[in-house]
Amino acid sequence: MATTTRRTLADDIVRTLKAEIRAGVYPPGARLPTEAALCQRFAVSRATVRGAVKELDVLGLVRTQHGVGTFVRPRPAVRDGLERMGSISESISASGKTPGHEYARRTLREVLPDEAERMAVPPDTEVLELRRRITADGDVVAYSYDLIPRGLLPERFDPEELDGSVFAYFEHRLGIHPTLGLAKVHAVESGHIAWGHDAAKHRLFVLLDQLHYDAAHQLLAYSRTYFIEGAYEFHLTRTST
């Protein structure tokens, strides 16, 4: 016997507010009406309104600052597909924005034990360590911590010459073509990832912990890229075949 799910009052509020957010009645950054105002508008209890707002939060449409109010989340600055292997700069450009890279560190050093294990390299392997902020139209969308084996780089390599996209440097300066990425995806909350004047605003991230290889399965880089929650949206196409 087929069963139906009865729609609740909170569901009706979610449907209405979702439609109004998407129609621009409440644009990104706008504050939603207070609980009291929503209770009066929909003739429901505070518990029902709180349930509806919580659902909007779970859907990624709003965020609540306790004691301040509930605000519409900004739309993601960049969209990308997890199944696609490519440069972050290319994804930003494809979203109609200008990519940028702000480097905080370019250092030659030996790998740490946990890095050697993840990269499957000898413990005395020398790497180029990079720390950079990736921006879209000047707004930070990700913090990336990258390790590149020293053996891939020119003998008289100057770390300062790498000042833009790592993939672009591989392609245009070294003639190397990344073709395979093996990634782990994690949600991260930390006050120690971000840096710079606006670091305090960035605590929630989607971490792409990724190994990059060329067609011959040569390791090109190990990257831990922390995409700022809400600034970068990933999509993934899944099929049953």
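All figures in this text were calculated on a predicted structure; none of them were measured in a lab.

Honestly, the side chain of S144 in this entry has me stumped. Any pointers?
Take S144: it is sitting in strand β6 (residues 139-149). Among the polar contacts listed, one links the side chain of S144 to the side chain of T225, at a separation of 2.9 Å. With near-sequence residues (within four places) excluded, S144 lies in contact with L130, R131, R132, I134, R224 and T225.

I would appreciate a short explanation of the packing of aromatic side chains in the present structure.
Two measures describe an aromatic ring pair: the distance that separates the ring centres and the angle between the ring planes. Scanning the model with the defined rule gives five aromatic pairs in all. Where F205 meets Y226, the ring centres are 6.0 Å apart and the plane angle is 80 degrees; that geometry is what we call edge-to-face. Of this pair, F205 sits in strand β8 (residues 204-213) while Y226 sits in strand β9 (residues 219-228); the two residues are 21 residues apart in sequence, bridging distant segments of the chain. Taken as a pair, F205 and Y226 share a single burial class, namely buried. These aromatic residues form a ring-pair network of at least three members: Y143, Y145, W195, F205 and Y226. Residue placement shows R133 over the ring face of W195; its charged tip is 5.1 Å from the ring centre.

Looking at this model, I keep getting lost on the pattern of salt bridges. Mind explaining?
Oppositely charged side chains are able to pair whenever their charged atoms sit close together. A complete count under the given rule lists 14 salt bridges for this structure. A salt bridge links R118 to D209; the shortest N-O distance between them is 2.8 Å. Pair noted here: R118 is in helix α5 (residues 113-119) and D209 is in strand β8, with a separation of 91 residues, a long-range link. Its relative accessible area of 10% is what places D209 among the buried residues. Residues R132 and D146 are paired through a salt bridge, measuring 2.8 Å at the closest nitrogen-oxygen approach. Of the two residues, R132 sits in strand β5 (residues 126-136) while D146 sits in strand β6, which places them 14 residues apart along the sequence. D146 matches R132 in its accessibility class, with the two residues each being buried. Where salt bridges share partners, they join R105, R109, E115, E129, R131 and R224 into one cluster.

Can you help me understand helix α3 (residues 46-58) in this one?
Each full turn of the α-helix corresponds to 3.6 residues, which orients residues three or four apart in the same direction. Taking 1.5 Å per residue, 13 residues should reach 18 Å; α3 reaches 18 Å between its end C-alpha atoms and fits that length. Taken as a whole, α3 has its buried residues at T48, V49, A52, V53 and L56. One side of α3 carries all its buried residues, which in axial view fall inside an arc of 130 degrees. Across α3 from its buried face, at more than 90 degrees, point the exposed residues A47, K54 and V58. In this fold, the buried residues of α3 make contact with α1 (9-23), α2 (35-42), β1 (62-65) and β2 (69-72).

Please explain the environment of H197 as it appears in this structure.
Inspection of the secondary structure assignment puts H197 in the loop between β7 (180-189) and β8. On the basis of relative accessibility, which here comes to 76%, the residue H197 falls in the exposed class. In this structure, the C-alpha to C-alpha distance between H197 and V62, residues 135 residues apart in sequence, is 25 Å.

Thresholds, definitions, all that
- Residues numbered from 1 in each chain as written.
- Predicted model: local features only at pLDDT ≥ 70, side-chain atom pairs only at ≥ 80, totals over all residues.
- Heavy atoms only, no water.
- Helix = DSSP H or I, 4+ residues; strand = E, 2+ residues; numbered from the N terminus.
- Polar contact = N/O pair within 3.5 Å; in protein donor to acceptor, adjacent residues only side chain to side chain.
- Contact = heavy atoms within 4.5 Å.
- Phe/Tyr/Trp six-rings, centres within 6.5 Å; stacked < 30°, edge-to-face > 60°.
- Buried < 20%, exposed > 50% of the residue type's maximum accessible area, 1.4 Å probe, protein only.
- Lys NZ or Arg CZ within 6 Å of the ring centre and 35° of its normal.
- Salt bridge = Lys/Arg side-chain N within 4 Å of Asp/Glu carboxyl O.
- Expected span 1.5 Å × (residues − 1).
- Arc of directions from axis to C-beta.

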